[in-house]
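# Summary of the model geometry
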Amino acid sequence: MEVKFKDQLSLGVASAATQIEGGECGHNWNDWYTRGNIKDHSNPARATDHYRLWKEDADLMASMKIEHYRMGIEWARICPNEGEVDETAIAHYKEELRYLKEQGITVLLTIHHFTNPMWFERKGAFTKKENIRYFLDFVKLIVNEFGSLVAEYITINEPNVYATNSYYFGEWPPGEKSFSRAVSVMSNMAVCHINAYRMIHSMRESMGYHDTKVSFANHVRVFDTQNPGNPWHCICAKLLDWFFQGAITEAISTGNFKWPLKGSKDISHGEYLDFIAINYYTRSTVSGFGDGVRQDAPKNDLGWEIYPKGLIRCTEHIYQLLKRPIYITENGTCDNQDTFRPKYICEHLKVISQSNLPISRYYHWCYCDNFEWVEGESARFGLVHVDYETQKRTIKASGRFYTKMIEEGGITEDLYREYVEPLKYHY
Ligand code: BGC
């Protein structure tokens, strides 16, 4: 089998500050750890020690021929207390951004990726409308400081995942279980994005840059029924789809807030994305108000179904709402032994290459194994293996495969035979 990438497709890798940097920064995941909520008891203060090893990581990435890197910055590190800015942290990120540029790596910068400084968390974070201004102050600071180094931004990563895990399922900090809170968080985050979108554009415009691109990273999944003939399954699938992703996608992309979300007076209908940013992992099989998985489906090490076609099904749906270039800003899998990752990558890139959608970037999640939120260090998603004791990085077979695909502009017969053909998923 051969997969030829369309000319416009570039491959990159993604990461998030909290998952790689390490350090006690006074954020809600440092706190969540001290309260014993990480399944394998690993500490986000260790992670991959990237804050210290950033140069080594940049060099390794460049050696892997990576030209696009989606990375984050840590709000709590930059603003350790309300109204305070740590200039050494700013200088650190500037040095890292400059260095990446020198290596020919273009950065897509994520401003918020799940983690809050504790001073913001204690105020109620995104549950309160009056807290929106703290996030916008941070966005302003970021564009002032890094605006000349970065043209492309993700304002917020996966507001739906953040809101539901933190406020509905109670598995992430602050561990609440309230539907109405989760809804307020999604509404407020949509308002945050739209205001940040306008702000980033106007600030960079006044700095003389006309190449600004802004979006939010939209976590989407397919909700299919376990039994399409069962009306209850159908109703649940529709409602889950709407509550989890339909309403927020529309609100944040177009300013059209529909039940149960609520907008704000200063938000009018418009177009608030320069590109569609899709994070896609899996499909849910619905038979009630919970997360189900098809029994006979191929699965990854966390039990998530591997369903490549879903990437296109979800993306097509969003493209109908707003026609924009598409970046897949996350796609990847938990494969602790790296036994099927090349097959997973191949199948997802195959559906991308066969589709007519204007997908121009694919960022693999993730560059190296890292701190996987409540799963801690036990779930490995990386192209690069990390030995957490020594912090030694070793490129996995999937990482070598990734580099070769970049060099070849696709998956040749030889690459397929060497890296993909022998592999299988779990059933
Ligand atoms: C998140 C990542 C996370 C990945 C795998 C995405 O939803 O943005 O931070 O590591 O999923 O669980």
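All values derive from a computational prediction rather than experimental measurement.

Moving on to the side chain of Arg204. Note on placement: Arg204 falls in helix H9 (residues 179-206). Within the structure, the side chain of Arg204 is placed 3.0 Å from the side chain of Asp211, a separation counted as a polar contact. Excluding its chain neighbours within four sequence positions, the residues that come into contact with Arg204 are Val143, Gly147, Val150, Ala151, Tyr153, Tyr209, Asp211 and Thr212.

We now examine the packing of helix H12 (residues 341-354) against helix H13 (residues 397-408). If you want to describe how two helices pack, look at the angle between their axes and the distance between the axes. One way to put it is that H12 packs onto H13 with a least axis distance of 9 Å and a crossing angle of 35°. Like other packed secondary-structure pairs, H12 and H13 cross with a definite hand, here right-handed. Where H12 approaches H13, its residues Arg341, Pro342, Ile345, Cys346 and Leu349 are matched on the opposing element by Ser398, Phe401, Tyr402 and Met405. Grouping the amino acids of the contact of H12 with H13 by side-chain chemistry returns seven nonpolar, one polar and one charged.

A separate point is the environment of Gly376. Of note, Gly376 is situated in the loop between strand E9 (359-365) and strand E10 (384-387). Setting aside anything within four residues of it in sequence, one finds Gly376 in contact with Ile38, Asp40, Ser42, Asn370 and Phe371.

Let us now look at the nonpolar core. Counting residues in each nonpolar core, the largest one holds 126 residues, and the members touching the most others are Ile78, Phe126, Phe135, Phe146 and Met405. Per-element accounting of this core gives the leading share, 14 residues, to H9. The contacts of Phe135, once residues within four sequence positions are left out, are Trp75, Ile111, His112, Phe126, Thr155, Ile156, Cys192 and Ala196.

Attention shifts here to the environment of Asp31. Residue position: Asp31 is located in helix H2 (residues 28-34). Separated by 3.0 Å, the side chains of Asp31 and Arg35 make a polar contact.

What follows is about the pairing of strand E4 (residues 106-112). Counting buried positions along E4 yields six of seven residues, so the element is predominantly enclosed. Pairing between strand E3 (residues 68-72) and E4: five bridges, direction parallel. Counterpart to Tyr69 in the pairing with E4 is Val107. Sheet analysis places E4 next to strand E5 (residues 152-157), joined by four bridges and oriented parallel.

In this model, helix H7 (residues 132-146) (15 residues) spans 21 Å end to end at C-alpha, consistent with the 21 Å of a helix rising 1.5 Å per residue. Buried residues along H7 sit against helix H4 (75-78), helix H5 (87-102), E4, helix H6 (118-122), E5 and H9.

Scanning the entire structure with this criterion turns up 27 salt bridges. Of the charged contacts in the structure, one is a salt bridge between Glu330 and Arg70, with a shortest N-O distance of 2.9 Å. Here Glu330 is found in strand E8 (residues 326-331), whereas its partner Arg70 is found in strand E3, with 260 residues between them in sequence. Across the pair, Arg70 and Glu330 agree in class, each one buried. Taken together, the salt bridges that share partners define one network made up of Asp224, Arg283, Arg294, Asp296, Glu305 and Arg313.

Parameters and conventions
Counting from 1, residues in each chain are numbered in the order their sequence is written. Under the rules for a predicted model, residues below a pLDDT of 70 receive no local features and side-chain atom pairs below 80 are neither given nor counted, while totals for whole chains, interfaces and linings still include all residues. Side-chain metrics rest on all non-hydrogen atoms present in the structure, leaving aside hydrogens and water. Helical segments are the DSSP runs of H or I of at least four residues, strand segments are the runs of E of at least two, and each set is numbered from the N terminus. Nitrogen and oxygen atoms within 3.5 Å of one another constitute a polar contact, given that in protein one can donate a hydrogen and the other can accept it, and given that sequence-neighbouring residues count only through two side-chain atoms. What makes two residues a contact is simply this: any of their non-hydrogen atoms within 4.5 Å. All axes here are fitted lines through C-alpha atoms, helices being fitted over the stretch that makes contact, and every angle between N-to-C directions spans 0 to 180 degrees. By definition, any crossing whose near helix is turned counterclockwise from its far helix by less than a right angle is left-handed, and any crossing with a clockwise turn is right-handed. Only Asp, Glu, Lys and Arg are considered charged in this grouping, and only Ala, Val, Leu, Ile, Met, Phe, Trp, Tyr, Cys and Pro are considered nonpolar; every other residue, Gly among them, is considered polar. The nonpolar core is taken to be a set of buried Ala, Val, Leu, Ile, Met, Phe, Trp, Tyr and Cys residues, with the residues joined through side-chain atoms within 4.5 Å. The classification of residues rests on relative accessible area computed with a 1.4 Å probe and restricted to protein chains. Under 20% of the type maximum is buried, over 50% is exposed, and intermediate values are partly exposed. By definition, two strands form a pair when at least two bridges between them are found by DSSP. A helix is expected to reach a length of 1.5 Å times the quantity of its residues less one. Within this document, salt bridges are pairs made up of a side-chain nitrogen of Lys or Arg and a carboxyl oxygen of Asp or Glu, the two lying within 4 Å of each other.

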